[in-house]
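What follows is the residue order along each chain.
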Amino acid sequence: MAIDYSLELAAIEGNPPLKELDEIIIKPMVTKPSRKYQIVLAITTSLLIIGAICIGITFYYGIGMWGNNQPVAWAFDITNFVFWIGIGHAGTLISAILYLLRQQWRNGIARFAEAMTIFAVMCAGIFPIIHTGRPWLAGYLIPYPNQHVMWPNFISPLVWDVFAVSTYFTVSLVFWYVGLIPDFATLRDRTTNKIRKTIYSVFSLGWRNSSRQWQHYEKVYMILAGLATPLVLSVHTVVSWDFAAAIIPGWHSTIFPPYFVAGAIFSGFAMVSTVLIFIRKIFDMEHIITLDHLEKMNKIILLTGSMVGYAYIIEWFMAWYSGSPVELFTTLNRAFGPYAWGYWIMVSCNVFFPQLFWFKKIRRSVPITLVIVILVNVGMWFERFVIIVASLSRDFLPSSWHYYKPTLVDMGILFGSFGLFFTLVLLFARTLPVVSLAEIKSIVPGAQPSHGENQHE
Amino acid sequence: MNDGKKLFGVAALFDTPDEILKAAKTVNNAGYKNYDVNTPYPIHGIDKAMKLKSSKLGYVTLFFGFFGASFILFFMWWTLAVNYPLVIGGKPYFPLPAFVPITFEFTVLNAVLSTFIAMIAVVFNLPFNSHPLHDSNYMRNVTSDKYGVVIESEDPQFDENKVNELLRSLGGKNIERIFYPEQKEFKVFQPRFVVFLIIIAIITSVSTYVTLNKLMYLPPFSFMEHQNKGIAQYESTFFYDKREMREPVKGTIARGFIPYAFTGVTDTNEFYSNPLLPTQKVLKLGQEKFLTYCSPCHGNYGEGKSRLRGFFPPGPTLHSARVIGFSDGKIYNIITNGQNGIMPSYAYQTTRDERWAIINYIRVLQRAQNPKPSDFSAISEINKESGNASN
């Protein structure tokens, strides 16, 4: 059967009237939450509270409550940081890069992915701050004139990280909000509730859907997408420099930036898939977030998963080709040393299972996709764990080798970050339109002029 | 019919994007300037139909992007090379490659924020929630699923009947007259607003003060009165027993410590013998320690005339036959353990060798009080040798 690749898949199924689209998308915001939603929210909030208590314990008693000890000075804290930053990357990729590539299918999932970016960066931001031990001194990372005449060391990758992550968060937030303004206007004009109307009016800024506004708006949206694209690539690059600029074997490697960026997109898409599979089910949005979307995301997971697998192979090659006995030892130690279990979880979840997406049946099967994307999330968490802990636990000085074990507080903070993320996602799903109203309307069949006599005049 | 309200314009709704495109083109060709097209989403080709000039916001991005890049580069150069020059990692004061990441991030941040603010605040003049179109039936439709044109009364060739006719001929539905909302006048300095400003000012200044001067306070290095150390006799906030002075760990043995077999035993007949010979060095040390620790009670020559008499039970003379008869070891035992409940132990003030040196010195004092005839001849011989005829 010949397939016409020039034809795009429909971004939404069927041909619903615009009003009906509004209804479907706004429904979760105006109906009472279902029992299922309440149970899930209760679980995530409990996790969030556990995390908060564990962070409280850390602040009260100190960092000694964690399993970190020399030479493993970075462990769960930085693993979680890199993991969550990576999760965020898919959102910007979907909203900015796919926008520039004119991939219309992104519209159904872009808003959600952008929101997940923001929440993931919020989760990530917690970790570098709490792992300093005295988080109230984090203000010194901002270059402000103080009585010490003390400036941040702009040469340090850790300070680059501060700039990269805070810029990333701000730009993602602005990008997300710019997309939300017209939707706030729609909500404002639909609601009859006075309090809601006031809130929506404030956030819509008095947007009037005027073509004179749309014209600038589209331009700015494109500029923001254009700026967010190199930004998202730079953020995980800078995160990887935290490691690559150090001399620890297994970190000091030029492959890190592309390797980290591919891994970030890989894990981010897996997380977006995980959440969307639930959301489309809970809120009856199978026609807007379609199977085609999931299949396309599975293709990207397959691609980026293979890139990550390639990076693993290159690490082995470089271990041998560099001729450095230390590098070779580190690579062997990762695969066969005390943390071999983590390495093989990582390899199987990241390299082997995503390869199943070569089969179209599996790509289009929601349950199997769900299992694989969750495995990918697990695998990518372990990738960071293996990179950080396995390298540090056996560094240059064998006398100080140390087997890191997480404590209960470590685990509590990890689960707490998941609690924070999913609580925010659930709250978002009921307070804001999870699909961009203006964008989805603009790609419905018949939404644009037929260009019969108007074309090319 | 106007109810005294001022007319803002006349609006019409259309059902399809093709219709609105045609309407926009016709209205524009009819020579109207102050009109607007409102659609639920951007319509392709509407800017051409309305003959809109393309957006200039890209120049804002460009300018502020360059501005951000040059500002942050200048700033990093100024902080690390001028204001507080510091060699870090053996790099020059201005290591350009190491400044690239932050320059890039700041460029993006500056460009994005300035473009966003320029669009919202400068180009659109938002927030603007009191626009006449708001809350009209027209607005409720164009933010949902209809496409609308509004021709404003400000337009130089505005004539209500003509506009109505034009819109109707284009197939416009729900033709609606839109009025300016009643202007509510507010005084700028209402009491509530002033109170609000004051509260904001207080919250801002208190939180800034607490954050910078309390939360983030680090004593500058030059203030040496703040030292992170424990001082003896002070209460500790760290240790459970609240003592800054720490006792040695149980079982700690001082360097050079040799245990004394009769610690705390006063009635013994077995004693150590003096390991030190009465050399000049030993006697000098003994004299020094005797004058420090023994003389306050026993007198400078051991004669028992205390400087502390009247304040403290007087020490006995060391020249009695009984003391002369004590063995060195017994005196050592008395210094170490104390005696009669009046003389305390001097084990902590003096070392072993110092105690033996003191005993040697006491023997010298005793001999000086009861010299032997041979001592006189020895002294005259010493005087003769050194040629000391002064006496």
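To start, this report covers the structure provided alongside it. Every chain is numbered independently, its residues counted from 1 as its sequence is written. In the order they appear in the text, chains get letters beginning with A and ligands get numbers beginning with 1. In keeping with the model being predicted, local features are shown solely for residues with a pLDDT of at least 70 and side-chain atom pairs are shown and tallied solely at 80 or more, while totals for entire chains, interfaces and linings include all residues. Side-chain calculation: all heavy atoms of the structure are included, whereas hydrogens and water are not.

### Brief notes about the overall build of chain B
Consideration 1: Numbering goes from the N terminus for both helices and strands, where a helix is a DSSP run of H or I of at least four residues and a strand is a run of E of at least two. For chain B, the helix and strand inventory stands at 12 helices and 4 strands.
Consideration 2: In terms of overall dimensions, chain B is more spread out than a globule: its C-alpha atoms have a radius of gyration of 51 Å, far above the 21 Å expected for 391 residues.
Consideration 3: In terms of overall dimensions, chain B has a C-alpha envelope of 150 × 50 × 45 Å along the principal axes.
Consideration 4: By residue count, 36% of the 391 residues in chain B fall in the buried class.
Consideration 5: Taking all contacts inside chain B whose residues are at least 6 apart in sequence as the whole, residues at least 24 apart take part in 66%.
Consideration 6: Note that accessible areas follow from Shrake-Rupley with a 1.4 Å probe, and for residues the cover is restricted to the protein chains shown. When the accessible area of chain B is evaluated, it comes to approximately 25,200 Å², of which 61% is carbon and sulfur surface.
Consideration 7: Positive charges come from Lys and Arg, negative ones from Asp and Glu, while His and the chain ends are left out of the count. To locate a charge, take NZ of a lysine, CZ of an arginine, CG of an aspartate or CD of a glutamate. Separation between the mean location of the 40 positive side-chain charges and that of the 33 negative ones in chain B comes to 9 Å. Within these notes, the globule rule equals 2.2 Å times the number of residues to the 0.38 power, and the radius of gyration is based on C-alpha atoms. Relative accessibility thresholds used throughout: buried, under 20% of the residue-type maximum; exposed, over 50%; partly exposed, between the two (1.4 Å probe, protein chains only). Should any heavy atoms of two residues lie within 4.5 Å, those residues are counted as being in contact.

### Notes on helix α8 (residues 256–282) of chain A
Residue and element names in this part refer to chain A.
Consideration 1: Here, expected helix span is obtained from the residue count minus one, scaled by 1.5 Å. With 27 residues, α8 extends 39 Å from end C-alpha to end C-alpha; this agrees with the ideal 39 Å at 1.5 Å per step.
Consideration 2: With 23 of its 27 residues buried, α8 lies for the most part within the structure.
Consideration 3: One or two positions beyond α8, positive phi appears at Asp284, with a value near 55 degrees.

### Looking at the packing of aromatic side chains
Consideration 1: Paired rings are identified among Phe, Tyr and Trp, the last through its six-membered ring, by centres lying within 6.5 Å, and are further divided according to the angle between planes into stacked (under 30 degrees), edge-to-face (over 60) and tilted (the rest). With the rule as written, the count across this model stands at 72 aromatic pairs over all chains.
Consideration 2: Both rings, one in A:Trp207 and one in B:Phe124, keep their centres 5.6 Å apart while their planes meet at 70 degrees; by these two values the pair is edge-to-face. With one member in each of two chains, A:Trp207 in the loop between α6 (194–204) and α7 (211–244) and B:Phe124 in the loop between α4 (96–123) and α5 (137–142) form a pair that bridges those chains.
Consideration 3: Their ring planes at 70 degrees and their centres at 5.5 Å tell us that B:Phe94 and B:Phe99 sit as a pair that is edge-to-face.
Consideration 4: Taken together, A:Trp151, A:Phe154, A:Phe163, B:Phe63, B:Phe64, B:Phe67, B:Phe71, B:Phe75, B:Trp78 and B:Phe106 form an aromatic cluster joined through their ring pairs.
Consideration 5: Throughout this description, the term charge over a ring refers to an Arg CZ or Lys NZ atom that lies within 6 Å of the ring centre and within 35 degrees of the ring normal. When the ring centre of A:Tyr37 is taken as origin, the NZ or CZ atom of A:Arg430, which lies over that ring, is 5.5 Å away.

### Digging into the packing of α7(A) against α4(B)
Consideration 1: Here α7(A) crosses α4(B) at 160 degrees, and the two axes come no closer than 10 Å. If you check the angle between α7(A) and α4(B), you find them roughly antiparallel. Here α7(A) and α4(B) pass one another in a crossing that is left-handed. Between α7(A), through A:His216, A:Tyr217, A:Val220, A:Leu224, A:Leu227, A:Pro230, A:Leu231, A:Ser234, A:Val238 and A:Trp241, and α4(B), the contact on the second element is made entirely by B:Pro101, B:Phe104, B:Glu105, B:Val108, B:Ala111, B:Val112, B:Thr115, B:Met119 and B:Val123. Interaxial angle, 0 to 180 degrees, is taken between N-to-C directions of lines fitted to C-alpha atoms, where a helix line uses only the stretch in contact. Note on terminology: angles under 35 degrees are roughly parallel, angles over 145 are roughly antiparallel, angles of 65 to 115 are roughly perpendicular, and the others are oblique. Handedness of a helix crossing follows the sense of rotation of the near helix relative to the far helix, less than a right angle counterclockwise being left-handed and clockwise being right-handed.

### Some thoughts on the pattern of salt bridges
Consideration 1: Put simply, a salt bridge is a Lys or Arg side-chain nitrogen that is within 4 Å of an Asp or Glu carboxyl oxygen. Enumeration according to the criterion identifies 20 salt bridges over all chains in this entry.
Consideration 2: Put simply, B:Asp15 and B:Lys146 hold a salt bridge, and the shortest N to O gap is 3.8 Å. Placement of B:Asp15 in the loop between β1 (7–14) and α1 (17–29) and of B:Lys146 in the loop between α5 and β3 (147–152) is noted, with a sequence separation of 131 residues between them.
Consideration 3: The partner of B:Asp145 in a salt bridge is B:Lys146, and the shortest N-O contact between them spans 4.0 Å.
Consideration 4: For B:Asp145, a relative accessible area of 14% puts it in the buried group.
Consideration 5: Each of A:Asp292, A:Glu295, A:Arg363 and A:Arg364 takes part in salt bridges that share partners, so that together they form one network.

### Let's talk about the pairing of β3(B)
Residue and element names in this part refer to chain B.
Consideration 1: Counting buried positions along β3 gives 6 out of 6 residues, so the element sits mostly inside the fold.
Consideration 2: Along β3, one buried face is formed by Tyr147, Val149 and Ile151 and the opposite face, lined by Gly148, Val150 and Glu152, is buried too.
Consideration 3: In this sheet, β3 lies alongside β1 in antiparallel orientation, the contact comprising 6 bridges. By the bridge assignment, Gly9 is partnered in β3 with Glu152.
Consideration 4: Two strands qualify as a pair provided DSSP detects at least 2 bridges between them. Of the pairings in the sheet, the one linking strand β2 (residues 35–38) to β3 comprises 4 bridges and is antiparallel in character. Each residue of the ladder has a partner; that of Asn38, found in β3, is Gly148.

### A closer look at the side chain of A:Ser211
Consideration 1: Structurally, A:Ser211 can be placed in helix α7.
Consideration 2: Beyond its immediate sequence surroundings of up to four residues, A:Ser211 is in contact with B:Asp36, B:Val37, B:Thr39, B:Ile46, B:Met50 and B:Leu52.

### What to know about the pairing of β1(B)
Residues and elements named next belong to chain B.
Consideration 1: Taken across its 8 residues, β1 has 8 buried, putting it largely inside the fold.
Consideration 2: Two elements, β1 and strand β4 (residues 173–179), share 5 bridges in a ladder whose sense is antiparallel. Counted as the bridge partner of Gly9 is Ile178 from β4.

### Some remarks on the interface of chain B and chain A
Consideration 1: Residue-level contacts link 74 residues of chain B with 71 residues of chain A.
Consideration 2: Buried surface area refers to the total accessible area, computed with a probe of radius 1.4 Å, that the two partners give up upon joining, counted for both partners together. Roughly 6,700 Å² is buried in total at the junction of chain B and chain A, and carbon and sulfur atoms are behind 67% of that figure.
Consideration 3: Of all residues in chain B, B:Tyr41, B:Glu105 and B:Met216 bury the most surface against chain A, accounting for 10% of the area lost on that side.
Consideration 4: At the surface where chain B touches chain A, the tally comes to 2 salt bridges.
Consideration 5: The salt bridge involving B:Asp36 is made with A:Arg212; its shortest N-O contact spans 3.9 Å.
Consideration 6: Counted as a polar contact is a pair of N or O atoms within 3.5 Å, where, for protein atoms, one must be capable of donating a hydrogen and the other of accepting one, and residues adjacent in sequence contribute only when both atoms are in side chains. Viewed at the interface, chain A and chain B are joined by 24 residue pairs in polar contact (both at pLDDT 80 or more).
Consideration 7: If you list the elements that add at least two residues to the side of chain B that touches chain A, you get α1, β2, α2 (46–49), α3 (57–83), α4, α5 and α7 (191–215) of chain B.
Consideration 8: In terms of residue count, the dominant contributor to the side of chain B that touches chain A is α4(B) (16 residues).
Consideration 9: A breakdown of the residues in the side of chain B that touches chain A according to their chemical character gives 48 nonpolar, 15 polar and 11 charged. When residue character is reported, Ala, Val, Leu, Ile, Met, Phe, Trp, Tyr, Cys and Pro are called nonpolar, Asp, Glu, Lys and Arg charged, and the others, Gly included, polar.

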